[in-house]
Amino acid sequence: MTEDQISLLSQLAIRAGEEILKIYAEPFEVESKTDGSPVTKADAAAEKIILAGLADAFPDIPVVAEEAVEAGNLPAVGDVYFLVDPLDGTKEFLKKNGEFTVNIALVDAGVPVFGVVYAPVLGEIYWGSAQGAFAGRVQDTNNIEDVQAIAVNAPRQDLTVVASRSHMSDETAAFMHKLQVSEIVSVGSSLKLCWVAAGKADLYPRLAPTMQWDIAAGDAVVRAAGGAVVLADTGSDFVYAMPENATKDDLRNSHFIAVSAKELLPGFAPVL
C-alpha cells in the first residue's frame, strides 16, 4: 500500500463521512434488515461513494460491502479483497452520540493489511498499514491534521478494558470479571479497536456477534500499532476468509479479543 493509495482511501472515507453528516443533521427514517438490525439511508449513501471510488482506483480488487451483501451482492473473492462498512455503529448514529465510523479495509491472505476508520462527528481518523499506525484530526477543510503515530500500551498489570456501548453480552461481562481490570470504558463502533491501538485501553473482548466488515479496518490499525486480534477460545490470530460460493453467514466472526499484548491472556483458556 503506497502513501498515495493510503491518502486516497482516507479521503474516500472522509467523503463518505460528509454524506453521512448531511443525513445525520436532518430527520431520517429507520428501517430494519432481515436480521432485525437498523439501517438508514446514510448507510446506502456512504457505501455508494466508497464503491464508486474503489471501482475507479482499484478496479481489479473485489469489494465486500455490508449493504451490497444485504442486497444479495456478494462477489467471489480470492486472497485479496476490500471489506467495507459504510456506517459502523448504526445504533450510535440513531442515538446521536457521534460514536459511529466509516470503515474501509484491505485483506490479503487472511490478514487486514490496511484499514482506515473515520468518525465524522468526532473528526477523528485512524489508519494502519505496513508503514505503521496513525491518528489524526479532520477539520472543515477535510485536511487531516495533527497526525501522530500511535502504539499499543506495553504489558501492565492494571488493565483498562474497552467494551461496547450498545452490545455488551453476558459472556463479555463474565470474561472481564476474570481479569485484573482497573477501569472499564465504553465507546461505540470500531473506535473500540482504535482505542486499543492508541493506548487508551489494553483489551477489547468481543464475545458477541460481529461481521468481517465490522472489525477488519480497526483490526488493521491494532496490528499496525503492535497489538493483536486473537480468537477468544484458542488465542490464535484472527484470520479473514471467504469460502467458495460464500453467503452472508460465512462472513460472521468467531468471538475475539483485541489485545495490546498476547501475554496479557496467559494460556488462552477458553472463555466461552
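Right above here is the structure, for reference.
Quick look at the structure, then. (Residues numbered from 1 in each chain as written. Predicted model: local features only at pLDDT ≥ 70, side-chain atom pairs only at ≥ 80, totals over all residues. Heavy atoms only, no water.)

## Considering the packing of aromatic side chains
One pass over the full model with this rule turns up eight aromatic pairs. Here the aromatic residues Tyr204, Phe238, Tyr240 and Phe256 are joined through ring pairs into a cluster of three or more. (Phe/Tyr/Trp six-rings, centres within 6.5 Å; stacked < 30°, edge-to-face > 60°.)

## Observations regarding the packing of helix 1 (residues 3-24) against helix 2 (residues 41-57)
Each pair of packed helices gets described by two things: the angle between the helix axes and the distance between those axes. The contact between helix 1 and helix 2 brings their axes to 8 Å, and the two run at 155°. Viewed along their axes, helix 1 and helix 2 adopt a mutual orientation that is roughly antiparallel. The element helix 1 and its partner helix 2 pack so that their crossing is right-handed. Here helix 1 contributes Leu8, Leu9, Leu12, Arg15, Ala16, Glu19, Ile20 and Ile23 to the contact with helix 2, which in turn contributes Lys41, Ala42, Ala45, Ala46, Ile49, Ile50, Gly53, Leu54 and Ala57. (Axes fitted to C-alpha atoms, helices over the stretch in contact; angles between N-to-C directions. Helix = DSSP H or I, 4+ residues; strand = E, 2+ residues; numbered from the N terminus. Parallel < 35°, antiparallel > 145°, perpendicular 65-115°, else oblique. Left-handed = near helix turned anticlockwise from the far one by under 90°. Contact = heavy atoms within 4.5 Å.)

## As for the sheet that holds strand 8 (residues 132-138)
Ordered by their spatial adjacency, seven strands build an open sheet running 3-4-5-6-7-8-9, and the pairing between neighbours is mixed. Of all strands in the sheet, those bounded by a partner on one side alone are strand 3 (63-65) and strand 9 (144-149). Along the sheet, successive strands turn relative to each other by an average axial angle of 15°, direction set aside. Pairing of strand 4 (residues 80-88) with strand 5 (residues 101-108), which is carried by seven bridges, proceeds in the antiparallel orientation. Within the sheet, the bridge partner assigned to Asp88 lies in strand 5 and is Thr101. (Pairing = 2+ DSSP bridges.)

## Here's the deal with the pattern of salt bridges
One pass over the full model with this rule turns up six salt bridges. We note a salt bridge from Glu70 to Lys248, for which the minimum N-O separation is 2.7 Å. Here Glu70, found in helix 3 (residues 66-70), pairs with Lys248, found in the loop between strand 13 (228-231) and strand 14 (256-259); they are 178 residues apart in sequence, far enough to count as distant. Of the charged contacts in the structure, one is a salt bridge between Asp249 and Arg252, with a shortest N-O distance of 2.9 Å. Judged by its relative accessible area of 41%, Arg252 is partly exposed. (Salt bridge = Lys/Arg side-chain N within 4 Å of Asp/Glu carboxyl O. Buried < 20%, exposed > 50% of the residue type's maximum accessible area, 1.4 Å probe, protein only.)

## Here we look at the pairing of strand 7 (residues 124-129)
Within strand 7, six of the six residues are buried, which leaves the element mostly enclosed by the surrounding structure. By the alternation rule, side chains of strand 7 split into Glu124, Tyr126 and Gly128 and Ile125, Trp127 and Ser129, which are all buried. The sheet contact formed by strand 6 (residues 111-119) and strand 7 spans five bridges and is antiparallel. Bridge pairing links Val116 to Trp127 in strand 7. Between strand 6 and strand 7, which pair antiparallel and follow one another directly, the connecting turn spans four residues, one of which, Gly123, has a positive phi of 70°. Pairing between strand 7 and strand 8: six bridges, direction antiparallel. Bridging from a neighbouring strand, Trp127 pairs with Phe134 of strand 8. Between strand 7 and strand 8, which pair antiparallel one after the other, the connecting turn spans two residues.

## A look at the pairing of strand 6
The element strand 6 is largely enclosed, with a buried count of seven among its nine residues. Where strand 5 meets strand 6, seven bridges bridge the pair, whose relative direction is antiparallel. Each residue of the ladder has a partner; that of Ile104, found in strand 6, is Val116.

## Describing the nonpolar core
The biggest cluster of nonpolar side chains holds 42 residues, and the ones touching the most others in it are Val64, Tyr81, Leu83, Tyr126, Val162, Leu193 and Tyr240. The next biggest cluster of nonpolar side chains, apart from the first, holds 33 residues, and it includes Val63, Ala68, Phe100 and Val102. (Core = buried A, V, L, I, M, F, W, Y, C linked by side-chain atoms within 4.5 Å.)

## Some remarks on the environment of Tyr81
Summarising the element assignment, Tyr81 is placed in strand 4. C-alpha of Tyr81 to C-alpha of Ile61: the two residues are 20 residues apart in sequence and 5.6 Å apart in space. Among the polar contacts listed, one links the side chain of Tyr81 to the side chain of Gln212, at a separation of 2.9 Å. (Polar contact = N/O pair within 3.5 Å; in protein donor to acceptor, adjacent residues only side chain to side chain.)

## Topic: helix 7 (residues 212-224)
The periodicity of an α-helix, 3.6 residues per turn, causes residues three or four positions apart to be oriented the same way. Between its first and last C-alpha atoms helix 7 spans 18 Å; for 13 residues at 1.5 Å apiece the expected length is 18 Å, and the two agree. Along its length, helix 7 reaches its greatest deviation from straightness, about 30°, at Gly218. Counting buried positions over the 13 residues of helix 7 gives eleven, a clear majority of the element. Of the residues making up helix 7, those classed as buried are Gln212, Trp213, Asp214, Ile215, Ala216, Ala217, Gly218, Asp219, Ala220, Val221 and Val222. At the exit of helix 7 stands Gly226, carrying a positive phi of roughly 105°. (Expected span 1.5 Å × (residues − 1). Bend = angle between axes of the 7 residues up to and from the residue.)

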